Structures are given as C-alpha cells and as structure tokens.
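Here is how the chains run, residue by residue.
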Amino acid sequence: MITIKSPREIELLRKAGNIVYQTHQYIKPYIKEGITTKELDRLCEEFIRSKGCTPSFKGCEGFPNAVCASVNDCIVHGIPNNYKLKNGDIITLDIGACYKGYHGDSAWTYAVGEISDNDKYLLEHTEKALYEGIKVATAGNRIGDIGYAIEQYSNKYDLGVVKEFVGHGVGTEVHEDPNVPNYGQKNTGPLLKEGMVIAIEPMLNFGSARIKVLENGLTAKTFDHSNSAHFEHTIAITNGDPIILTGEWKNGEN
Ligand code: MG
Ligand code: MG
C-alpha cells in the first residue's frame, strides 16, 4: 500500500533524512587507505546513535550491521568486515537512520585516494543518473517515468543497469511500497502524488548488468567483476520539484 505522508510526517522524515546526510558528511574524511569497512560501520553507528536515531538497516531483513559497505565489484549489501581499503578502491556506503519512528535512506559511492578514469566515469554518471530520476519525480508523473529517465541516461553512457534491486517508498518502514525500478516505460506504474516519499537509487555497473548473490544470501556482486556504483536519495514528492530529504539543508530548508 502506498501511503501519503502528512506535513507532520514529512517533517520527521526530513529530520531523519538530514541525520543520514550528516552521517555521510561525518564519515567522508575517514574514507582513506588502511581503514576497515568494519571501522567505518562502527563510526557511522556511533554517529547515528549520538543524534538520537537508530540505524535502519541493523537487523533489517537479516542484515547484521548498521551500514552496508560495498567495495569495487560489490553492488549492494556488503557486510562490513576486516577488509582494509586500498588506494584506488571505490566504496558505497548505504546509510539509513530512524528518527522517532521515521526513516531516511541514502547511499553514496566514494573514491579511496586516486581512482581510475573508468571509475571516475562510473561515479560521475551514476550520480547524474540519480538526478535524472529526481528531475521527473513530480506529482502527476508516474513511477515508470523515473525508471525510464534513469535507464535512458545509463544506456547513453553504456553502463549496466542492475534490475534485481530497486528503489522504494520510505516512511515508518525503511522499505515500503511502491517499488521504484531503475528501468521502465514512460507513463506506466503508480501515479506520483504530493506527500509520497520514495528512495531513488540507481545501481550501475561499468560492465554487464548481470549480478551474482554470494552464499550469505545478502551480498550482490557484478557477475563479470566490473565495478559498480550506487547513488541514492530519499525524496518527498510535491507539485513542483521534489524535496531531497537526504540532501544538504540550505537556509534551514532542504
Ligand atoms: Mg539505501
Ligand atoms: Mg534504499
């Protein structure tokens, strides 16, 4: 069931989203050669809890940690461990925080030191694909318009669009209806209405879109070992431009 959030709920979702944004800003300087993904997870969890929130993903669908840490060819649901980041790696941190029962969800892929030109290309165009989706996320359009915009953009830059994982509604649950695929047809799917809150999250591979899920049943990697990037914002639908709830607040607004 797709729910429409009241202005009061949107305020709580803004607060949760802002803490997710702050967590990304807090952790960024730590993303350097030598740090383990476990340590990044611990720092994020401490920060989230220091803000009066709980980490949305801990215990969610069997995930054991606070944040997902996906390195290089890992697409999503990387489990933090003792791997030490190396110069030239890319790492996606997918961070969720719950504030007074409402969630925010945002993933970002970061460069560790100096990365290859191919990885720069992958990160640049995956982030841009996210904003192509956000651009058409306005009341009156449909979910399929978002997927169409992301897929067209990704095809133009010859990046593989992961189909098995999709965006979603966000509210009192971190994953709610509707599904928000990164592919689709214009003018299809649920109608976007003011007060809907959704996470848009393209996952693009430098190579083929094909994936494989590891034996832990959670972690997904690219089948061909090419690197993968993932950029995600939680947004609130309005009759105009959406409000990026996990984005930077400007003059008290975001
Ligand atoms: Mg996420
Ligand atoms: Mg998400």
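For the structure, see preceding data.
Calculation notes
Residues numbered from 1 in each chain as written. Chains lettered and ligands numbered in written order. Predicted model: local features only at pLDDT ≥ 70, side-chain atom pairs only at ≥ 80, totals over all residues. Heavy atoms only, no water. Donors = N, O, S within 2.8 Å, 3.2 Å for Na, K, Ca; no water. Helix = DSSP H or I, 4+ residues; strand = E, 2+ residues; numbered from the N terminus. Buried < 20%, exposed > 50% of the residue type's maximum accessible area, 1.4 Å probe, protein only. Pairing = 2+ DSSP bridges. Expected span 1.5 Å × (residues − 1). Salt bridge = Lys/Arg side-chain N within 4 Å of Asp/Glu carboxyl O. Phe/Tyr/Trp six-rings, centres within 6.5 Å; stacked < 30°, edge-to-face > 60°. Lys NZ or Arg CZ within 6 Å of the ring centre and 35° of its normal. Axes fitted to C-alpha atoms, helices over the stretch in contact; angles between N-to-C directions. Parallel < 35°, antiparallel > 145°, perpendicular 65-115°, else oblique. Left-handed = near helix turned anticlockwise from the far one by under 90°. Contact = heavy atoms within 4.5 Å. Nonpolar A, V, L, I, M, F, W, Y, C, P; charged D, E, K, R; others polar.

Novice: Sorry if this is basic, but what is going on with the coordination of the magnesium ion (ligand 2) here?
Specialist: Angles at a metal have ideal values that depend on geometry: 109.5 degrees with four tetrahedral donors, 90 or 180 degrees with six octahedral donors. At the metal site, the magnesium ion (ligand 2) is ligated by Asp 105 (OD), His 168 (NE2), Glu 201 (OE) and Glu 232 (OE), and these contacts range over 2.1 to 2.2 Å. A separation of 3.1 Å is found between the magnesium ion (ligand 2) and the magnesium ion (ligand 1), which are bridged by Asp 105. Placement of the pair is Glu 201 in the loop between strand E9 (197–200) and strand E10 (203–205) and Glu 232 in the loop between strand E13 (228–230) and strand E14 (233–236), with a sequence separation of 31 residues. You'll find Glu 201 and Glu 232 in the same group, each marked buried.

Novice: Looking at this structure, how should I read the pairing of strand E8 (residues 176–180)?
Specialist: The two faces of a sheet get side chains in turn, since along a regular strand they alternate between them. Bridge count between strand E7 (residues 167–169) and E8: three bridges; the pairing is antiparallel. Looking at the pairing, Gly 169 lines up with Glu 176 of E8. Adjacent in sequence and paired antiparallel, E7 and E8 are bridged by six residues.

Novice: Would you mind showing me how to read helix H3 (residues 117–135) here?
Specialist: Structurally, the α-helix is built with 3.6 residues per turn, so residues lying three or four positions apart point the same way. Between its terminal C-alpha atoms H3 stretches 27 Å, which fits the 27 Å expected from 19 residues at 1.5 Å a residue. Along H3, the residues that are buried comprise Asp 119, Leu 122, Leu 123, His 125, Thr 126, Ala 129, Leu 130, Gly 133 and Ile 134.

Novice: Just checking my understanding: could you explain the coordination of the magnesium ion (ligand 1) for this structure?
Specialist: Asp 94 (OD), Asp 94 (OD), Asp 105 (OD) and Glu 232 (OE) make up the full set of protein donors to the magnesium ion (ligand 1), lying at 2.0 to 2.5 Å. Each donor residue of the magnesium ion (ligand 1) lies on one chain, and together they are spaced D-x10-D-x126-E. Judged by relative accessible area, Asp 105 falls into the buried class, the value being 1%.

Novice: Before we go on, may I ask you to explain the pattern of salt bridges in this structure?
Specialist: Oppositely charged side chains may form a pair once their charged atoms are brought near each other. One pass over the full model with this rule turns up eleven salt bridges. Across the salt bridge formed by Lys 5 and Glu 176, the nearest N and O atoms sit 2.9 Å from each other. A residue pair is termed long-range when its members are at least 10 positions apart, and Lys 5 in the segment before helix H1 (7–27) and Glu 176 in strand E8 qualify at 171 residues. You'll find Lys 5 and Glu 176 in the same group, each marked buried. The partner of Arg 42 in a salt bridge is Glu 39, with the nearest N and O atoms 2.8 Å apart. Of this pair, Arg 42 and Glu 39 both sit in helix H2 (residues 37–50), three residues apart, which is roughly one turn of that helix. Through salt bridges with shared partners, one network takes in Glu 39, Arg 42 and Glu 46.

Novice: Would you mind going over the packing of aromatic side chains with me for this structure?
Specialist: Any aromatic ring pair is given by two values, namely how distant the centres are and how the planes are angled relative to each other. Following the criterion strictly, the structure yields six aromatic pairs and no others. Each ring, one from Tyr 26 and one from Phe 47, has its centre 4.5 Å from the other, and the planes form 15°; the classification is stacked. Of this pair, Tyr 26 sits in helix H1 while Phe 47 sits in helix H2, placing them 21 residues apart in sequence. An angle of 85° between the planes, with centres 6.2 Å apart, marks the rings of Tyr 121 and Phe 206 as edge-to-face. Of this pair, Tyr 121 sits in helix H3 while Phe 206 sits in the loop between E10 and strand E11 (211–213), placing them 85 residues apart in sequence. Exposure remark for Phe 206: the relative accessible area of 31% places this residue in the partly exposed category. Following the ring pairs from residue to residue traces out a cluster consisting of Tyr 121, Tyr 153, Tyr 157 and Phe 206. In this structure, Lys 15 is placed above the aromatic ring of Tyr 99, and the distance from its NZ or CZ to the ring centre is 5.7 Å.

Novice: Whenever I open this one, the pairing of strand E5 (residues 102–111) confuses me. Can you help?
Specialist: Within E5, nine of the ten residues are buried, which leaves the element mostly enclosed by the surrounding structure. One ladder, built from ten bridges, connects strand E4 (residues 90–99) with E5; its direction is antiparallel. Looking at E5, one finds that Ile 90 is bridged to Ala 111. The antiparallel hairpin formed by E4 and E5 contains two residues in its connecting segment, where Lys 100 sits at a positive phi of about 45°.

Novice: How should I be thinking about the packing of H3 against helix H4 (residues 143–156) in this particular structure?
Specialist: Any two packed helices are characterised by the angle at which their axes cross and by the distance between the axes. The contact between H3 and H4 brings their axes to 8 Å, and the two run at 150°. If you check the angle between H3 and H4, you find them roughly antiparallel. Classified by chirality, the crossing of H4 by H3 is right-handed. Here His 125, Lys 128, Ala 129, Glu 132 and Gly 133 of H3 lie close against H4, whose contacting residues are Ile 146, Ala 149, Ile 150, Tyr 153 and Ser 154. Here the residues of the contact of H3 with H4 are counted per class, giving five nonpolar, three polar and two charged.

Novice: Help me understand unusual backbone geometry, please; the structure alone is not making it clear to me.
Specialist: What you tend to see is this: most non-glycine residues have negative phi, and most peptide bonds are trans. In this structure, the amide linkage connecting Asp 177 to the following residue, Pro 178, adopts the cis form with an omega of 0°. With respect to the helices and strands, Pro 178 occurs in strand E8. A positive phi angle, close to 50°, is found at Glu 61, a residue other than glycine. Counting through the fold element by element, Glu 61 comes out in the loop between strand E1 (54–55) and strand E2 (68–71). For Glu 61, a relative accessible area of 61% translates into the label exposed. For His 225, which is not a glycine, the phi torsion comes out positive at approximately 70°. In this structure, His 225 sits in the loop between strand E12 (220–222) and E13.

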